[in-house]
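Examining the three-dimensional arrangement
Each chain, letter by letter, is given below.
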Amino acid sequence: MRRRIGDNLQAYAFLAAGLLCFALFSWYPLVKGIILSFQQDNFVTDPIWVGMDNYTAVLDDPLFATAWLNTLEFTGLALLFGFAVPFVLALVINEFRHAKGFFRFAVYLPVMLPPIVSVLLWQYFYDPGNGLFNAVLSSVGLPTSDWNQSPKMAMISLVLVSTWANMGGATIMYLAGLAGIPGELYEAAELDGASVWQRIRHVTIPQMRFIMLVLLLLQIVATMQVFIEPFQLTGTTNPETITVMVLIYRYAFTINHDFGMAAAMSVLLFIVLGAFSALYLRLTRKAD
């Protein structure tokens, strides 16, 4: 018993720094945000306890449904590109016999850039006057586009920026998973006459299933919280691209100047993502 207590005390001593960081920077802000969601507070005057009024005001906001629909649309498009493209890139890079290190670095380079730098770079590309994309289209005689200012192209423009900036991390994880697949499985598949697509379908994907499921969950949670791309490229007033996080920003800093409403919206987003994550993990656990 004495040895067990000593071992536990030593273990908790090593964990103390990490637990303190979590408590200070994760758990305390979470509890504080939930409390704030029941208050009217602009961080200037004393807060006023308003109960569920913030949640009522958020749900009655005409932009509430628009923000959620735009967020879901962005998430769907981002998964369509951001989930498939890194996997395909990893398959291609994994087949190279030379310069693998260079291609890994090239794919991961956008991730090392600050997000705002990536968005500003693409903002120049999308510029309707002197932007790179319109210059290329004009040089080959094709019609130009307003890109992020066009109602039809705005959301796709945001997805392209997000995919380019974030796909490097997923690609590196896929490459690590591919490196762990035994070569004997591919040799057996080739001896059985399996084509390239059959080897990917029956060997690669089953062996990578766990990594793909985890990355799918992480990408959904991340894309549901998109903020920098719509904020910088289309602003906070464009109804075509306003997302949940942009609406939270509007509540806190532009329209209402009420951090209580922003906190209420944040809590609703937290509940939705938490419920989805729990359901997703339960379903994938049953499938396993």
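Residues numbered from 1 in each chain as written. Predicted model: local features only at pLDDT ≥ 70, side-chain atom pairs only at ≥ 80, totals over all residues. Heavy atoms only, no water.

**Quick word on the confidence of the model for the protein chain**
The predicted model of the protein chain averages 88 in pLDDT, with 99% of residues at 70 or higher. Taken element by element, the protein chain is modelled with least confidence in helix 9 (residues 183-191), mean pLDDT 84, and with most confidence in helix 2 (residues 53-60), mean pLDDT 93. (pLDDT = per-residue confidence, 0-100. Helix = DSSP H or I, 4+ residues; strand = E, 2+ residues; numbered from the N terminus.)

**Section: the packing of helix 6 (residues 115-126) against helix 8 (residues 154-179)**
Two elements in contact, helix 6 and helix 8, have axes separated by 10 Å at closest approach and are oriented at 135°. Accordingly, the angle class assigned to the pair helix 6 and helix 8 is oblique. At the point where helix 6 passes helix 8, the crossing takes the right-handed sense. Of the residues in helix 8, those in contact with Ser118, Val119, Leu121, Trp122 and Tyr126 of helix 6 are Ser157, Leu160, Val161, Trp164 and Ala165. Per-class residue counts for the contact of helix 6 with helix 8 are eight nonpolar, two polar and no charged. (Axes fitted to C-alpha atoms, helices over the stretch in contact; angles between N-to-C directions. Parallel < 35°, antiparallel > 145°, perpendicular 65-115°, else oblique. Left-handed = near helix turned anticlockwise from the far one by under 90°. Contact = heavy atoms within 4.5 Å. Nonpolar A, V, L, I, M, F, W, Y, C, P; charged D, E, K, R; others polar.)

**Notes on the nonpolar core**
Val58, Phe64, Trp68, Val244, Leu247, Tyr251 and Met265 are the most contacted members of the largest nonpolar core, which has 26 residues in total. Secondary structure elements with two or more residues in this core: helix 2, helix 3 (62-82), helix 13 (244-254) and helix 14 (259-287). Broken down by element, the residue count for this core peaks at ten residues, all from helix 14. Excluding residues within four positions of it along the chain, Val58 makes contact with Phe64, Tyr251, Met261, Ala264, Met265 and Leu268. Grouped together as the second largest cluster of nonpolar side chains are 18 residues, Phe83, Leu91, Leu178 and Ala189 included. (Core = buried A, V, L, I, M, F, W, Y, C linked by side-chain atoms within 4.5 Å. Buried < 20%, exposed > 50% of the residue type's maximum accessible area, 1.4 Å probe, protein only.)

**Looking at a nonpolar patch on the surface**
On the surface, Tyr12, Leu15, Leu19, Phe22 and Trp27 cluster together to form a nonpolar patch covering roughly 560 Å² of accessible area. Looking at the secondary structure, you find Leu15 in helix 1 (residues 2-36). On the accessibility criterion, Leu15 (47% relative accessible area) is partly exposed. (Patch = residues over 30% accessible without salt bridge, like charges linked within 9 Å, V, L, I, M, F, W, Y side chains within 5 Å. Areas by Shrake-Rupley, 256 points an atom, 1.4 Å probe, with all protein chains shown as cover. Salt bridge = Lys/Arg side-chain N within 4 Å of Asp/Glu carboxyl O.)

**Comments concerning the side chain of Asp41**
Secondary-structure assignment places Asp41 in the loop between strand 1 (39-40) and strand 2 (48-49). Put simply, Asp41 is tucked away with no salt bridge, and the nearest opposite charge, on Lys32, sits 6.4 Å away. (Lys, Arg positive; Asp, Glu negative; His and termini not counted.)

**A short note on the environment of Val58**
One can find Val58 in helix 2. Owing to a relative accessible area of 0%, Val58 belongs among the buried residues under this scheme. Distance from Val58 to Ala262, taken between C-alpha atoms, is 8.6 Å for residues 204 residues apart in sequence.

**Description of helix 6**
Taking 1.5 Å as the rise per residue, helix 6 with twelve residues should run 16 Å; its terminal C-alpha atoms sit 16 Å apart, in good agreement. What helix 6 keeps buried is the set Ser118, Val119, Trp122, Phe125 and Tyr126. Projected down its long axis, helix 6 shows its buried positions confined to an angular sector of 110°, all on one face. Where helix 6 is buried, its residues meet helix 5 (100-112), helix 7 (132-139), helix 8 and helix 12 (228-233). (Expected span 1.5 Å × (residues − 1). Arc of directions from axis to C-beta.)

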